[in-house]
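# Structural overview
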Amino acid sequence: RAGAPPPADETVRPTAETEATKAEASAPSCARKLLAPIALPSAPPVPPPAPPPAPPPAPAISGLDLLEAFSAEETQQYSVRAPRYKEYVLAALQAAEVSGDAAAFRAQLRLALQSAGCAVDDDLGGGRTLLRHVCDGRPTARQALWAAALLRLGASLRKADDEGVTPLAAASLAGNAVLVQALLDAGAPPDAPDARGAT
């Protein structure tokens, strides 16, 4: 028809995107792998920090530590004579001793024995118990306090050392009349023979 506009070109023109898709489809497999997006490896998970190592268990005090505490002078702190892990036990024992409170000292001595893991009549060497050691030497107020506490805690009056010396015999040999009387009042046998049979 004269004067009519020419028909519109309905041909779909390829776009850059369709061209790239066609090129990717027609490319060999190795090329397609190169054209595929690369997946970056994810970072490995960060492990949680390790807990700090547990401190080693503190060694308990021993019966010999208690003997050393008894042998210390009144004015000397037990902690000076003992490593730090023993301080809390021996310092409490020393404080109760200095206070002169017999009940408090007895309670602290019981706790110290438990911490030492020993019985009141354990052999501390040569068959000597703590009471046997306490009955040695010149008479002191500390000696009477320790002996009274040990007797209340069940220390044996009959247990002799390897030479047959009982606590009563040791106190008698030391000339400690007050301690001798206290041991007799507590039931110590006055005629217990020593290793040689002497009473």
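First things first, this report covers the structure right here in the doc.

### Observations concerning the overall build of the protein
- The number of helices and strands found in the protein is 10 helices and 0 strands.
- Along the chain direction, N to C, the helices and strands of the protein fall in the order α-α-α-α-α-α-α-α-α-α.
- For the protein, buried positions account for 31% of its 199 residues.
- Restricting to contacts in the protein with at least 6 residues of sequence separation, those with at least 24 account for 58%.
- Carbon and sulfur atoms provide 59% of the accessible area of the protein, an area that totals close to 13000 Å².

### Here we look at the nonpolar core
- Core analysis: the biggest nonpolar cluster contains 36 residues, and Leu66, Phe105, Leu109, Trp146, Leu150 and Leu183 have the highest contact counts within it.
- Of all elements in the fold, only α3 (63–71), α5 (87–99), α6 (102–116), α7 (130–134), α8 (141–152), α9 (167–173) and α10 (177–185) reach the threshold of two or more residues within this core.

### Topic: the pattern of salt bridges
- The tally for this structure, following the rule as stated, stands at 5 salt bridges.
- The salt bridge involving Glu97 is made with Arg142; its shortest N-O contact spans 2.4 Å. With a gap of 45 residues between them, Glu97 in helix α5 and Arg142 in helix α8 connect regions that are remote in the sequence.
- For Glu97, a relative accessible area of 8% corresponds to the buried category.
- Taking the relative accessible area as the measure of exposure, Arg142 reaches 10% and is therefore buried.
- For the salt bridge of Arg132 with Asp136, the shortest nitrogen-to-oxygen distance reads 2.8 Å.
- For Arg132, a relative accessible area of 4% gives the class buried.
- Asp136 gets classed as partly exposed once you look at its relative accessible area, which sits at 27%.

### Section: the packing of aromatic side chains
- According to the stated counting rule, one finds 2 aromatic pairs in the structure shown.
- Each ring, one from Phe70 and one from Trp146, has its centre 5.3 Å from the other, and the planes form 65°; the classification is edge-to-face. With Phe70 in helix α3 and Trp146 in helix α8, the pair connects residues that are 76 residues apart, well separated along the chain. Residue Phe70 shares its accessibility class with Trp146, and that shared class is buried.
- Between Phe105 and Trp146 the ring centres are 5.3 Å apart and the planes differ by 65°, which places this aromatic pair in the edge-to-face class. Pair noted here: Phe105 is in helix α6 and Trp146 is in helix α8, with a separation of 41 residues, a long-range link.
- Here a set of aromatic residues connected by ring pairs shows up, and it is made of Phe70, Phe105 and Trp146.

### Some words on the packing of α6 against α8
- The contact between α6 and α8 brings their axes to 9 Å, and the two run at 65°. With respect to the hand of their crossing, α6 and α8 are arranged in right-handed fashion. Mapping the contact onto sequence places Ala102, Phe105, Arg106 and Leu109 in α6 and Leu145, Trp146, Ala149, Leu150 and Arg152 in α8.
- Residue classes in the contact of α6 with α8 are distributed as 7 nonpolar, no polar and 2 charged.

### Observations concerning the side chain of Thr129
- Mapped onto the elements, Thr129 comes out in the loop between α6 and α7.
- A distance of 3.2 Å separates a polar side-chain atom of Thr129 from the backbone nitrogen of Arg132.
- Residues in contact with Thr129, not counting those within four places in the same chain, are Val120, Asp121, Asp122, Leu124 and Lys159.

### Considering the packing of α3 against α8
- Interhelical geometry of α3 versus α8 gives an angle of 145° and a closest axis separation of 10 Å. On the side of α3, the interface is formed by Leu66, Ala69 and Phe70, while α8 contributes Arg142, Gln143 and Trp146.
- Its residues placed into classes, the contact of α3 with α8 shows 4 nonpolar, 1 polar and 1 charged.

Cut-off values and rules
- Residues numbered from 1 in each chain as written.
- Predicted model: local features only at pLDDT ≥ 70, side-chain atom pairs only at ≥ 80, totals over all residues.
- Heavy atoms only, no water.
- Helix = DSSP H or I, 4+ residues; strand = E, 2+ residues; numbered from the N terminus.
- Buried < 20%, exposed > 50% of the residue type's maximum accessible area, 1.4 Å probe, protein only.
- Contact = heavy atoms within 4.5 Å.
- Areas by Shrake-Rupley, 256 points an atom, 1.4 Å probe, with all protein chains shown as cover.
- Core = buried A, V, L, I, M, F, W, Y, C linked by side-chain atoms within 4.5 Å.
- Salt bridge = Lys/Arg side-chain N within 4 Å of Asp/Glu carboxyl O.
- Phe/Tyr/Trp six-rings, centres within 6.5 Å; stacked < 30°, edge-to-face > 60°.
- Axes fitted to C-alpha atoms, helices over the stretch in contact; angles between N-to-C directions.
- Left-handed = near helix turned anticlockwise from the far one by under 90°.
- Nonpolar A, V, L, I, M, F, W, Y, C, P; charged D, E, K, R; others polar.
- Polar contact = N/O pair within 3.5 Å; in protein donor to acceptor, adjacent residues only side chain to side chain.

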